[in-house]
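# Geometric and topological summary
So you can see what is in the structure, the chains are spelled out below.
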Amino acid sequence: MKELRGKDILSSFDFDRETLEHLFEEAETLRKKLSTTHLKIADSKTMATVFLEPSTRTKMSFQMAMLKLGGSVIDFQPESSSFQKGESDLDTMKIIDGYSPDIIVLRQSKPFFPHSIKEEIAAPIINGGDGTNEHPTQALLDVYTIWRELKRVDGLRLGIMGDLKYGRTAPSLSYMLTFFKDVKIYYIAPKELGLREEVKEKIRNKISFVEVERLEDIEEELDALYVTRLQKERFKDPSEYERLKSSYVVNLEALNKLKRIPIIMHPLPRVWELPQEVDSLPQAKYFEQAKNGMYVRAALIKEILGI
Ligand code: NCD
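Owing to the predicted nature of the structure, the values given are computational and were not obtained by experimental measurement.

The rules behind each value
- Residues numbered from 1 in each chain as written.
- Predicted model: local features only at pLDDT ≥ 70, side-chain atom pairs only at ≥ 80, totals over all residues.
- Heavy atoms only, no water.
- Near = heavy atom within 4 Å.
- Polar contact = N/O pair within 3.5 Å; in protein donor to acceptor, adjacent residues only side chain to side chain.
- Areas by Shrake-Rupley, 256 points an atom, 1.4 Å probe, with all protein chains shown as cover.
- Nonpolar A, V, L, I, M, F, W, Y, C, P; charged D, E, K, R; others polar.
- Domains from an automatic or database assignment.
- Phe/Tyr/Trp six-rings, centres within 6.5 Å; stacked < 30°, edge-to-face > 60°.
- Helix = DSSP H or I, 4+ residues; strand = E, 2+ residues; numbered from the N terminus.
- Expected span 1.5 Å × (residues − 1).
- Buried < 20%, exposed > 50% of the residue type's maximum accessible area, 1.4 Å probe, protein only.
- Contact = heavy atoms within 4.5 Å.
- Salt bridge = Lys/Arg side-chain N within 4 Å of Asp/Glu carboxyl O.
- Axes fitted to C-alpha atoms, helices over the stretch in contact; angles between N-to-C directions.
- Parallel < 35°, antiparallel > 145°, perpendicular 65-115°, else oblique.
- Left-handed = near helix turned anticlockwise from the far one by under 90°.
- Pairing = 2+ DSSP bridges.
- Right-handed = clockwise from strand over helix to strand, strands pointing away.

### Focus: the site of the ligand
Looking at the ligand, the residues that line it are Arg57, Thr58, Arg107, His135, Gln138, Arg168, Thr169, Arg229, Gln231, Pro267, Leu268 and Pro269. Here an oxygen atom of the ligand sits 2.9 Å away from a polar atom, N or O, in the side chain of His135. With the chains in place, 94% of the 310 Å² that the ligand exposes on its own is no longer accessible. Grouping the constituent residues of the shell around the ligand by class yields 3 nonpolar, 5 polar and 4 charged. Mapped onto the domain boundaries, the shell around the ligand takes at least three residues apiece from domain 1 (12–132 + 291–305) and domain 2 (136–289).

### What to know about the packing of aromatic side chains
Within the structure shown, the criterion is met by 11 aromatic pairs. Three or more aromatic residues joined by ring pairs make a cluster, and in this case those are Phe13, Tyr175 and Phe179.

### What about helix H10 (residues 286–305)?
A rise of 1.5 Å per residue sets the reference length of H10, with its 20 residues, at 28 Å; its end C-alpha atoms lie 29 Å apart and thus fit the reference within 8%. Burial runs high along H10: 16 of the 20 residues are buried. Phi turns positive one or two residues past the end of H10, at Gly306, with a value near 65°.

### Let's talk about helix H6 (residues 169–177)
One full turn of an α-helix is made of 3.6 residues, so residues set three or four places apart face in the same direction. Most of H6 is tucked away: 9 of the 9 residues are buried. What H6 keeps buried is the set Thr169, Ala170, Pro171, Ser172, Leu173, Ser174, Tyr175, Met176 and Leu177. In this structure, the buried residues of H6 make contact with helix H1 (17–36), helix H5 (136–150), strand S5 (157–161), strand S6 (184–188), helix H7 (197–203) and strand S8 (224–227).

### With respect to the domain arrangement of the chain
Size of an interface: often given as the accessible area lost when the parts come together. For the chain, the assigned domains are domain 1 (12–132 + 291–305) and domain 2 (136–289). Using C-alpha coordinates to define each centre, domain 1 is positioned 25 Å away from domain 2. Tallying the contact residues gives 31 residues for domain 1 and 32 residues for domain 2. The interface formed by domain 1 and domain 2 holds 4 salt bridges in total. A salt bridge links Glu28 to Arg148; the shortest N-O distance between them is 2.8 Å. The interface formed by domain 1 and domain 2 includes 17 residue pairs in polar contact (both at pLDDT 80 or more). When residues of the side of domain 1 that touches domain 2 are traced back to their parent elements, those giving at least two are H1, helix H2 (57–68), strand S3 (103–108), strand S4 (125–130) and H10. Its residues placed into classes, the side of domain 1 that touches domain 2 shows 11 nonpolar, 8 polar and 12 charged.

### Quick word on the packing of H2 against H10
How two helices sit against one another is set out by the angle between their axes and by the gap between those axes. Between H2 and H10, the shortest axis-to-axis distance is 8 Å and the interhelical angle comes to 55°. Between H2 and H10, the crossing angle belongs to the class labelled oblique. For the crossing formed where H2 meets H10, the hand is right-handed. Across the interface between the two elements, Arg57, Thr58, Ser61, Phe62, Met64, Ala65, Met66 and Lys68 of H2 pack against Ala290, Gly293, Met294, Arg297, Ala298, Ile301 and Leu305 of H10. Here the residues of the contact of H2 with H10 are counted per class, giving 9 nonpolar, 3 polar and 3 charged.

### So, the packing of H5 against H6
Relative orientation of the contacting elements H5 and H6 amounts to 60°, with a least axis distance of 8 Å. Taken together, the axes of H5 and H6 lie oblique to each other. In the packing of H5 onto H6, the handedness of the crossing is right-handed. On H6, the residues that touch Pro136, Gln138, Ala139, Leu140, Asp142 and Val143 of H5 are Thr169, Ser172, Leu173, Met176 and Leu177. Within the contact of H5 with H6, the residues separate by chemical class into 7 nonpolar, 3 polar and 1 charged.

### Description of the pairing of strand S1 (residues 46–51)
Counting buried residues in S1 gives 5 out of 6 residues, a clear majority hidden from the surface. As paired strands, S1 and strand S2 (residues 72–76) are joined by 5 bridges and run parallel to one another. The residue bridging Ala48 from the neighbouring strand is Ile74, located in S2. In this region the chain leaves S1, passes through H2 and returns to the parallel neighbour S2; the handedness of that crossover is right-handed. Pairing of S1 with S3, which is carried by 5 bridges, proceeds in the parallel orientation. Within S3, the residue paired with Ala48 across the bridge is Ile104.

### Quick notes on the sheet that holds S4
With parallel pairing, the 4 strands of this open sheet are ordered in space as S2-S1-S3-S4. What marks the edges here is a single partner per strand, and that holds for S2 and S4. The mean inter-strand angle of the sheet, taken between neighbouring strand axes irrespective of direction, is 15°. The strands touched by helix H3 (residues 89–98) are S1, S2, S3 and S4; relative to S3, the strand with the most contacts, the crossing angle is about 165°.

Laid out in structure tokens, this is it:
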């Protein structure tokens, strides 16, 4: 198992199978404890959340997890800070780090930004999303959800659908699944939104995968279908976004055509690709998935703080 105490978490490859299973077990224990009480184990520890791109779930679940463990949180707010005066992201991070937080959770729009500054920052950095590159703790809650729902990850047949070109959750989820046995991923996307070559490079020979354009093209029964939104903010040409908008929708009609409806997951936020009518299906797990994020992030905080 990997020692996570004091470590940065920048990529899904920073874990291994044993560490993941340990975190999932720990998340189960914390779920039971935190449902009735707050703990005091992170007393005198502080987390700084620095989100330079919008966030609801990642930021709030990290903050809630830290508070429920008994720690404190300070939140950097870019819109009312010297950021507005032109201060750089690196200077901002150095200043926050100088106040000695025990963990910094960072979201930033440039791929590999946390990797490029980690030597200059003393606090462990958790990558809460670096542009289109990665979102390792989203993968953590995604795989935790699969592990809870299916009681296994080995042998998984998973469809990952949507914007695989600009989304960062698909790469991180794929990387994390390389630690498990006999997993097969079907990437489902229109040609223009297919998985980036650099991502395929990292999983080739480690996991079996197939690329298709439509859900109907998959002949095998899936265990889980992971839907993602079109990353509107990353499109340079708005007309391209408009053109691709209706290229995939996972509605009841599409799901009912499948031999068996798999569990439906989504990192959220959803826009039009997963209509509310799907919410009533017992297989709809995305709200549960978001909730799982708080517990598995609490487990991760506990390991990084060594408490
Ligand atoms: C994801 C992200 O930020 O990459 N959101 C999240 O953290 N749950 C997915 C997205 O924004 O589409």
